[in-house]
Amino acid sequence: FGLSMGQSIPSGIGESANNGCLCHGSASNATETTVTGIPEIYESNQTYNLTILIQSSVEQSNASQGGFRLLVNTGFIAFENQNHAQQIDNGWTHTSEGNAQRTWNFTWTAPSDNTSSTEFIVYGNAVNGNQNSMGDHWDGFGITVPGSAFDGNLEQPTVEQPYELIDFSIIIGGLIAILVFFYVVMK
């Protein structure tokens, strides 16, 4: 009952993934997405070397290994290999060539205003290469980084996907169907 009806998009994805890789089921502990190299506090116009890293128990069966959706609200992003990433709908994502890996290197040049903060959100998807979403797992990572002259409260982004009403409906419906099946079989 809970099968995903979404289509995998090896060429990258836009704003429909701004809340996660929802076409690949729900977030999973089988996958961990992180961004390494993010400073605790940034300096104006400083360039930082960052890496999106997806670690997962999902094994891939062909060249497709994973993808990402990266949202950064200030500063300038430049990917090391421009054939592996592209900008779509005010965010960054992998390309068809870029989904043959689970790490992507890029630089972030901080904004000139060091009194503000920058929010980083990335969703990473580990795929098994079966050309559909079955067996794929995703995870999200988010952090807000203050500028060196920031004075205020930092609000960290929420990237976890809580169960929604439809999820509970599917689970309860499936349990009821199983109970009815066992009742009919036992009778």
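As shown above, the structure is provided for reference.
Residues numbered from 1 in each chain as written. Predicted model: local features only at pLDDT ≥ 70, side-chain atom pairs only at ≥ 80, totals over all residues. Heavy atoms only, no water.

## As for the packing of aromatic side chains
The full count for this structure, using the stated rule, is 8 aromatic pairs. Between Tyr42 and Trp108, the ring centres sit 5.4 Å apart and the planes meet at 90°, which makes this aromatic pair edge-to-face. On the criterion of sequence distance, the pair formed by Tyr42 in the loop between strand E1 (31-36) and strand E2 (47-56) and Trp108 in strand E7 (residues 103-109) is long-range, its members being 66 residues apart. For Tyr42, a relative accessible area of 0% gives the class buried. Exposure remark for Trp108: the relative accessible area of 0% places this residue in the buried category. (Phe/Tyr/Trp six-rings, centres within 6.5 Å; stacked < 30°, edge-to-face > 60°. Helix = DSSP H or I, 4+ residues; strand = E, 2+ residues; numbered from the N terminus. Buried < 20%, exposed > 50% of the residue type's maximum accessible area, 1.4 Å probe, protein only.)

## Let's talk about the pairing of strand E6 (residues 91-94)
Along E6, one buried face is formed by Gly91 and Thr93 and the opposite face, lined by Trp92 and His94, is buried too. When strand E3 (residues 66-72) meets E6, the two strands line up antiparallel, connected through 2 bridges. For Leu70, the partnering residue across the bridge sits in E6 and is Trp92. Here strand E5 (residues 85-88) hands over to E6 after 2 residues, with Asp89 in that stretch at a positive phi of 50°. (Pairing = 2+ DSSP bridges.)

## Notes on the environment of Gln82
Examined against the element boundaries, Gln82 turns out to sit in the loop between strand E4 (76-79) and E5. Along the primary structure Gln82 and Gly98 are separated by 16 residues, whereas in three dimensions their C-alpha atoms are 9.0 Å apart.

## As for the nonpolar core
The biggest cluster of nonpolar side chains holds 23 residues, and the ones touching the most others in it are Leu50, Ile52, Phe68, Leu70, Phe79, Phe106 and Trp108. It is E2 that provides the largest number of residues to this core, a total of 4 residues. Grouped together as the second largest cluster of nonpolar side chains are 5 residues, Ile121, Tyr123, Trp138 and Val159 included. (Core = buried A, V, L, I, M, F, W, Y, C linked by side-chain atoms within 4.5 Å.)

## A short note on the environment of Asn49
Checked against the element boundaries, Asn49 lands in strand E2. Considering only alpha carbons, one finds Asn49 and Thr107, 58 residues apart in sequence, at a separation of 4.6 Å. Filtering out sequence-adjacent residues up to four positions away, Asn49 remains in contact with Thr36, Gly37, Phe106 and Thr107. (Contact = heavy atoms within 4.5 Å.)

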